[in-house]
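Observations on chain architecture
Listed below, chain by chain, are the residues.
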Amino acid sequence: MILVTGATGNVGRAVMTQLNPGEARALLRSTGADLARPETLTTALDGVDTVFLVWPFLTPDGAGETLDVIARHARRVIYLSSSAVRFGRDTDPITRLHADLEAAVQATGLEWTILRADTFASNALGWAAQLHSGGVVRGPDSAATAVIDPADIAAVAVRVLREAQPGATHTLTGPEVLSRADQVRILGTALGRELTFAPTPFDDARAQLLADGRPPALVEALIDSAENRPRSDLVTSAVQELTGRPARTFREWADRNLNAYS
């Protein structure tokens, strides 16, 4: 039995879809199970061999206690991390979080596998509201990376969940390095519209995110990441090697998600 955390997110939902009925169960807060409260996890972990772990918080606080409970029930854990960890844990708060969680997972004594994913294509869904009312995407710019389709991350996760690869760390990327301007242009082509990206100064972006009601800690983490994470030209073949097919392009992701922008 596989326990999937983050089962309502972009990757976890796709993992659940790709696994067979009865092969996995979802960890849902609506049932009373919460990663922030380790004492609530016992029922969900009953009979579980493997856990797909997506850590949904901005700090590693409490991760040790949660992993202790997991280790008392399961044999393996697959952790969804960030490709930015290779730049060093002090690059930005989000990278630091993933580096600390990787270390915590590796210290459990469980069989572990780390999936370090690059920028999610689904982050572009955050532009939908702007594109409903115009053709300009405004926001903080960030360094180009090899944007990856969450469905590809999920496909790799399913392979690793079914076939143990203890001690392995896989860096998962899409097939092409794209800036935010590139993504907006490609999205416009898919929509049949001329779209442009207008970079927003970081201080202005911070003020707007706070005005939108985003939690201050999340806003600072997002701005710090956009401002400090370096460009990455890394493109790996991990998706091809682990799933038997090439990683999907951003255009393929856009074609599947056009309804979000209509």
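Since we're looking at a predicted model, the values are computed, not measured. Sequence order sets the numbering: in each chain, residues are counted from 1 along the sequence as written. Given that the model is predicted, a residue must reach a pLDDT of at least 70 before its local features are reported, and side-chain atom pairs must reach 80 or more before they are shown or counted; all residues, however, enter totals for whole chains, interfaces and linings. Hydrogens and water molecules were not included; the side-chain quantities draw on all heavy atoms of the structure.

1. Details of helix α1 (residues 10–18)
Partly exposed residues are those whose accessible area sits between 20% and 50% of the maximum for their type, while under 20% is buried and over 50% is exposed, using a 1.4 Å probe and protein chains only. We count a stretch as a helix when DSSP gives it H or I for four or more residues in a row; a strand needs E for two or more, and each element gets its number in order from the N terminus. Within the span of α1, buried status applies to Val 11, Gly 12, Ala 14 and Val 15. Down the axis of α1, the sector holding all buried residues measures 165°, keeping them to one side. Whether two residues are in contact is decided by their heavy atoms, any of which lying within 4.5 Å being enough. Contacts made by the buried residues of α1 are with β1 (2–4), β3 (50–53), β4 (76–82) and α6 (150–162). What the arc describes is the spread of directions from the helix axis to the C-beta atoms.

2. A closer look at the pairing of strand β6 (residues 136–139)
Residues of β6 alternate between two faces, with Val 137 and Gly 139 buried on one and Val 136 and Arg 138 left unburied on the opposite face. Alignment of β6 against strand β8 (residues 196–199), held across 4 bridges, turns out to be parallel. Residue pairing across strands places Arg 138 opposite Ala 198, the latter belonging to β8. Pairing between two strands requires that DSSP report at least two bridges joining them.

3. Digging into the environment of Val 51
Within the secondary structure layout, Val 51 lies in strand β3. Val 51 sits in the buried class, given a relative accessible area of 0%. Remark: the alpha-carbon pair of Val 51 and Val 77, spanning 26 residues in sequence, is separated by 4.7 Å.

4. Section: helix α7 (residues 180–191)
For a helix, the expected span equals 1.5 Å multiplied by the number of residues minus one. Between its first and last C-alpha, α7 extends 16 Å over 12 residues, near the 16 Å set by a 1.5 Å rise per residue. Buried within α7 we find Gln 183, Val 184, Ile 186, Leu 187, Gly 188 and Ala 190. Buried residues along α7 sit against α5 (128–133), β6, β8 and α11 (250–256). Throughout this description, a polar contact denotes any pair of N or O atoms lying within 3.5 Å of each other; where both atoms belong to protein, one of them has to be capable of donating a hydrogen while the other can accept it, and for residues adjacent in sequence the pair is counted only when both atoms sit in side chains. Measuring from the side-chain oxygen of the N-cap residue of α7 to the backbone nitrogen of Ala 181 gives 3.4 Å; that N-cap residue is Ser 179.

5. So, the pattern of salt bridges
Salt bridge, as applied in this entry: a Lys or Arg side-chain nitrogen positioned within 4 Å of an Asp or Glu carboxyl oxygen. The full count for this structure, using the stated rule, is 18 salt bridges. For Arg 162, the salt bridge is made with Glu 23, and the minimal N-O distance between the two is 2.8 Å. Taken together, the residues span a long stretch of sequence, with Arg 162 in helix α6 and Glu 23 in the loop between α1 and β2 (24–26) at a distance of 139 residues. Across the pair Arg 75 and Glu 111 runs a salt bridge whose closest N-O atoms are separated by 3.4 Å. One end of the pair, Arg 75, is in the loop between α3 (63–71) and β4; the other, Glu 111, is in strand β5 (residues 111–117), with 36 residues separating them in the sequence. Assessed through its relative accessible area of 29%, Glu 111 is described here as partly exposed. Each member of the salt-bridge network shares a partner with another, and the members are Arg 89, Asp 90, Arg 96 and Asp 100.

6. Structural notes on the pairing of β3
Every second residue of β3 is oriented toward a common face, with Thr 50 and Phe 52 on one face and Val 51 and Leu 53 on the other, all of them buried. In this structure, β1 lies alongside β3, joined through 3 bridges in parallel fashion. Paired with Leu 3 across the strands is Val 51, a residue of β3. In this structure, β3 lies alongside β4, joined through 4 bridges in parallel fashion. Within β4, the position partnered with Leu 53 by the bridge is Tyr 79. Read from β3 through α3 to β4, the crossover connection turns out right-handed. When the strands point away from the viewer, a crossover counts as right-handed if the route from the first strand across the helix to the second turns clockwise.

7. Topic: the nonpolar core
The nonpolar side chains of soluble globular proteins are, as a tendency, buried together. Side-chain atoms within 4.5 Å are what join buried Ala, Val, Leu, Ile, Met, Phe, Trp, Tyr and Cys residues into a set we call a nonpolar core. Ranked by size, the top nonpolar core spans 26 residues in total, and within it Val 4, Val 15, Leu 19, Phe 52 and Leu 115 carry the most contacts. Of all elements in the fold, only β1, α1, β4, β5, α6 and α10 (238–243) reach the threshold of two or more residues within this core. For this core, the element with the highest residue contribution is α6, accounting for 7 residues. Aside from chain neighbours lying at most four places away, what touches Val 4 is Gly 12, Val 15, Met 16, Leu 19, Ala 24, Arg 25, Ala 26, Leu 27 and Phe 52. By size, the runner-up hydrophobic cluster in this structure holds 24 residues, among which are Leu 3, Leu 35, Leu 41 and Val 51.

8. Re the side chain of Thr 113
Note that Thr 113 resides in strand β5. Ignoring sequence-local partners within four residues, the contact set of Thr 113 consists of Val 77, Ile 78, Tyr 79, Val 160, Gln 165, Pro 166, Ala 168 and His 170.

9. Things to note about the packing of aromatic side chains
The geometry of two aromatic rings is summed up by the distance between their centres and the angle between their planes. Two rings from Phe, Tyr or Trp (for Trp, the six-membered ring) form a pair when their centres are within 6.5 Å of each other. A pair whose planes differ by under 30 degrees is stacked, one over 60 is edge-to-face, and the rest are tilted. Using the criterion set out here, one finds 2 aromatic pairs in the structure. Look at Trp 55 and Phe 57: their rings are 5.0 Å apart centre to centre, the planes differ by 80°, and that puts the pair in the edge-to-face class. Looking at Trp 55, the relative accessible area reads 7%, which means it is buried. Ring geometry for Phe 250 against Trp 253: centres 5.5 Å apart, planes inclined by 25°, an arrangement best described as stacked.

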